[in-house]
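Architecture and fold: a report
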Amino acid sequence: MMNRNFNPSDLLAASKTLRENKSWAIFTHRKSDGDAMGSAAALFEAGTNLGKNVSWFSPDEKLPEGYRYLPHFGDFRTCEDFSFIDDRNSSAQAPVFRHWDKPLVCYNKKIVGASTIGGELVRPEESGKFEDTRIPRLQSWGVCQGTLYVFLDCASETRSVSGYEAGKGINSLNIDHHEDNSLYARVNCVDGSASSTCEMLYRIFDADNWVITQRIAESLYTGIFTDTGGFSFSNTSPLTHNIAAELIKLGVEPALMTDRISQNKNQADLQIWARALSRVKVFGEGGIFAVSMIYADDFRETGADTTGTEGLSQMFMSVRGVKFIAVATEYPDGAVRLSIRSRDGAPFGAGEFAREFGGGGHQKAAGCNFDYPAKSVMAELESSILRKYHECLNTHQ
Ligand SMILES: [Mn+2]
C-alpha cells in the first residue's frame, strides 16, 4: 500500500482543514517518539494560539519523561483502546473509550452514553438511559460533535486507534511521512520523502503563513532532530536543513535542544540498556545481522519503564559491518514487539521485514509484533532473518 504521489496542494488542503474546524483531537502512535510528541506539541500550541479547542490522545499510558520540556506535555491523555465503532443507525462512526469501565459513545449528531453488560455493547437506542458523568468530561476535552480527528506520524490508523476505518464519514486529517501510509483519513497530507512529521507540519504552517512561535519551533525541531538521528540519517535532505535553519532563526538553540533530547536517560534506563547490549548476537555472512532482547523481568528488576528503551535499537547499528538489526522487547503484559533498523546495502529493508509480520514503518526503521513465547524469541528471530536472507539470495540468483 504505497501512498500516491504527494501533491504540494495537499499542504494547503491540510491547513484549510485545520483552520475550518474549531475542535481538534490529535492522535499519535503507540510508543511515542520525538516526532510523534514534537508534532503533537507543535500542533497543540498552534491550535491554542488560533483559539481552537485542542486535545491530544495516544495509546501509551505515559509519555517518555525526557520530553517534558515540550509544550502541552501535561495535556496528553491516554487512549488505550480508544476505538471507533460503526453504528449502522448513525451516519457517522463513534469513538469509544473502552478502557473505562463503561464505554462512552460519542455520535456526530447527538451524544449518548452506552455501557457493556456482560461484555456486550448496548445498542445506541437503549443507551440513552445511561447517565454518564464522563460525557461532559469528554466534551470538556473538546471531543464532541464535529471534532476533527488529526492523526500525526501514524502510518496506519490502527497504530493509534483500534477499529478505525476510513471512509465512514469521520472528519479526519492524516499528516505523516511514512511511505507505506494507507491514506486512511478524509484529508491526507503524506509525503514519504519528508524526514519527519514535524517537517510536514512546518511545510503546512509555512504554506499558509501560520505564526510559528519559539515554542512551536522547538517542538518541530525536536521531531526533525530525533527522526533524522541528529541530521545523520539518509532521510536528511537539503530541505530538512533549510527548515532547521528557519527554526533556528525563530529562536531554537541547537545546543540546548541537543542536550534536552540526548540527556533523557536515568540509571534504570542505562541498566536495561546494559542487559540488552549484553545479549547481542551478531550473525550472518560477514556479521551483517544483529539481534537482541529485553525481557519483562528486566523492566521489573531494573525499575526502568518501557519508554526508557527509546534509541536503543539505533545503538546496535554502531556494530561494524551490521546492516540490519532487530531488538525484541517483551512488554510487562507479555506482548513481544520488534524494533527493526536497516541501512543501505542490507539484503532487505526494515519495513519489508516488518510487513511480513503484519507490522509497518519506513524502509529503514520499522516495527511489528512477534508472536513467540519470550524464551524462544531470540532463536525464532535469528531463523526468521536467515530464512528471509536465503529467500533474497535465491531470487537474486
Ligand atoms: Mn516520524
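Before reading further, recall that the structure is shown in the block above.
Residues numbered from 1 in each chain as written. Predicted model: local features only at pLDDT ≥ 70, side-chain atom pairs only at ≥ 80, totals over all residues.

1. Details of the overall build of the chain
On a plain count of helices and strands, the chain comes out with 13 helices and 18 strands. Within the chain, contacts between residues at least 6 apart in sequence are counted, and of these 60% link residues at least 24 apart. (Helix = DSSP H or I, 4+ residues; strand = E, 2+ residues; numbered from the N terminus. Contact = placed C-beta atoms within 7 Å.)

2. Brief notes about the sheet that holds strand 14 (residues 289-294)
Strand order in the open sheet formed by six strands is 13-14-15-16-18-17, and the pairing between neighbours is mixed. Bordering the open sheet on either side are strand 13 (281-283) and strand 17 (360-361), each of which pairs with just one other strand. In this sheet, strand 18 (residues 365-369) lies alongside strand 16 (residues 336-342) in antiparallel orientation, the contact comprising five bridges. Directly across from Leu-338, in strand 18, lies its bridge partner Cys-368. Strands strand 13, strand 14, strand 15 (324-330) and strand 16 of the sheet are contacted by helix 13 (residues 377-395), whose axis makes an angle of about 155° with strand 14. (Pairing = 2+ DSSP bridges. Axes fitted to C-alpha atoms, helices over the stretch in contact; angles between N-to-C directions.)

3. Observations concerning the packing of helix 1 (residues 9-20) against helix 5 (residues 197-207)
The geometry of a pair of packed helices is captured by two quantities: the angle between their axes and the separation between those axes. In contact at an axis separation of 8 Å, helix 1 and helix 5 are set at 80° when each is read in the N-to-C sense. In terms of their interaxial angle, helix 1 and helix 5 are classed as roughly perpendicular. For the pair formed by helix 1 and helix 5, the contact residues are Leu-11, Leu-12, Ala-14 and Ser-15 on the first element and Arg-203, Ile-204 and Ala-207 on the second. Looking at side-chain class alone, the contact of helix 1 with helix 5 contains five nonpolar, one polar and one charged residues. (Parallel < 35°, antiparallel > 145°, perpendicular 65-115°, else oblique. Nonpolar A, V, L, I, M, F, W, Y, C, P; charged D, E, K, R; others polar.)

4. A closer look at helix 13
Between its terminal C-alpha atoms helix 13 stretches 27 Å, which fits the 27 Å expected from 19 residues at 1.5 Å a residue. Of all the residues in helix 13, the buried ones are Val-377, Leu-381 and Ile-385. Taken around the axis of helix 13, the buried residues stretch over an arc of 65°, which confines them to a single face. Turned more than 90 degrees from where helix 13 packs its buried face, Ala-379, Ser-383, Arg-387, His-390, Leu-393 and Asn-394 sit exposed. (Expected span 1.5 Å × (residues − 1). Buried ≥ 20, exposed ≤ 12 C-beta atoms within 10 Å, placed from the backbone. Arc of directions from axis to C-beta.)

5. Quick notes on helix 7 (residues 238-249)
For an α-helix the count is 3.6 residues per turn, leaving residues at separations of three or four pointing the same way. In this model helix 7 runs 17 Å from its N-terminal to its C-terminal C-alpha over 12 residues, within 8% of the 16 Å that 1.5 Å per residue would give. Listing the buried residues of helix 7 in full gives Thr-240, Ile-243, Ala-244 and Leu-247. When helix 7 is viewed along its axis, its buried side chains cluster within an angular range of 100° and face the same direction. Facing away from the buried side of helix 7 by over 90 degrees, the exposed positions are Pro-238, Asn-242, Ala-245 and Lys-249. In this structure, the buried side of helix 7 is in contact with helix 5 and helix 6 (214-227). Trailing helix 7 by a residue or two, Gly-251 shows a phi angle of about 115°, which is positive.

6. Section: the packing of helix 5 against helix 6
Following both chains from N to C, one finds helix 5 and helix 6 inclined at 140°, their axes separated by 7 Å at the closest point. Relative to helix 6, the element helix 5 lies oblique. Where helix 5 approaches helix 6, its residues Thr-197, Cys-198, Glu-199, Leu-201 and Tyr-202 are matched on the opposing element by Leu-220, Gly-223 and Ile-224. For the contact of helix 5 with helix 6, the residue count by class is five nonpolar, two polar and one charged.

7. Things to note about the sheet that holds strand 1 (residues 23-27)
What links the strands of a sheet is backbone hydrogen bonding, and the strands pair in either a parallel or an antiparallel sense. Ordered by their spatial adjacency, six strands build an open sheet running 3-2-1-10-11-12, and the pairing between neighbours is parallel. Either end of the sheet is taken by a strand with one partner, and the two such strands are strand 3 (76-78) and strand 12 (187-190). In this sheet, neighbouring strand axes are inclined to one another by 20° on average, regardless of whether the strands run parallel or antiparallel. When strand 1 meets strand 10 (residues 148-152), the two strands line up parallel, connected through four bridges. Paired with Ile-26 across the two strands is Val-150, which belongs to strand 10. Along the sheet face, helix 1 touches strand 1, strand 10, strand 11 (172-176) and strand 12 and points at about 130° away from the line of strand 12.

8. Here we look at the nonpolar core
Of all hydrophobic cores here, the largest spans 56 residues; its most connected members are Ile-26, Phe-27, Val-150, Leu-152, Leu-201 and Leu-220. By residue number, the principal contributor to this core is helix 2 (residues 34-49), which donates eight residues. Residues contacting Phe-27, with those up to four places away along its chain left out, are Phe-57, Ser-58, Tyr-149, Val-150, Phe-151, Leu-152, Cys-154, Ser-160 and Val-161. Membership of the second largest hydrophobic core comes to 33 residues, among which are Val-291, Ala-304, Val-327 and Ile-385. (Core = buried A, V, L, I, M, F, W, Y, C linked by C-beta atoms within 7 Å.)

9. Structural notes on unusual backbone geometry
The phi dihedral of His-72 falls on the positive side, at around 70°, and the residue is not glycine. His-72 sits in the buried class, given 21 other C-beta atoms within 10 Å. At Leu-183, a residue that is not glycine, the phi angle is positive and equals roughly 50°. Structurally, Leu-183 is set in the loop between strand 11 and strand 12.

10. Section: the pairing of strand 16
The element strand 16 is largely enclosed, with a buried count of six among its seven residues. Sheet topology places strand 15 next to strand 16; seven bridges connect them, and they run antiparallel. Bridge pairing links Glu-330 to Val-336 in strand 16.

11. Digging into the environment of Gly-360
Looking at the secondary structure, you find Gly-360 in strand 17. With 204 residues separating them in the primary sequence, Gly-360 and Ser-156 have C-alpha atoms 8.3 Å apart. Setting aside residues up to four positions removed in sequence, Gly-360 forms contacts with Ala-155, Ser-156, Asp-180, Gly-351, Ala-354, Arg-355 and Ala-366.

12. Things to note about the environment of Trp-56
You can see Trp-56 is positioned in strand 2 (residues 53-58). With 30 residues separating them along the chain, Trp-56 and Ile-26 place their C-alpha atoms 4.5 Å apart. Beyond its immediate chain neighbours, meaning those up to four positions away, Trp-56 contacts Ile-26, Ala-40, Phe-44, His-72, Asp-75, Phe-76 and Arg-77.

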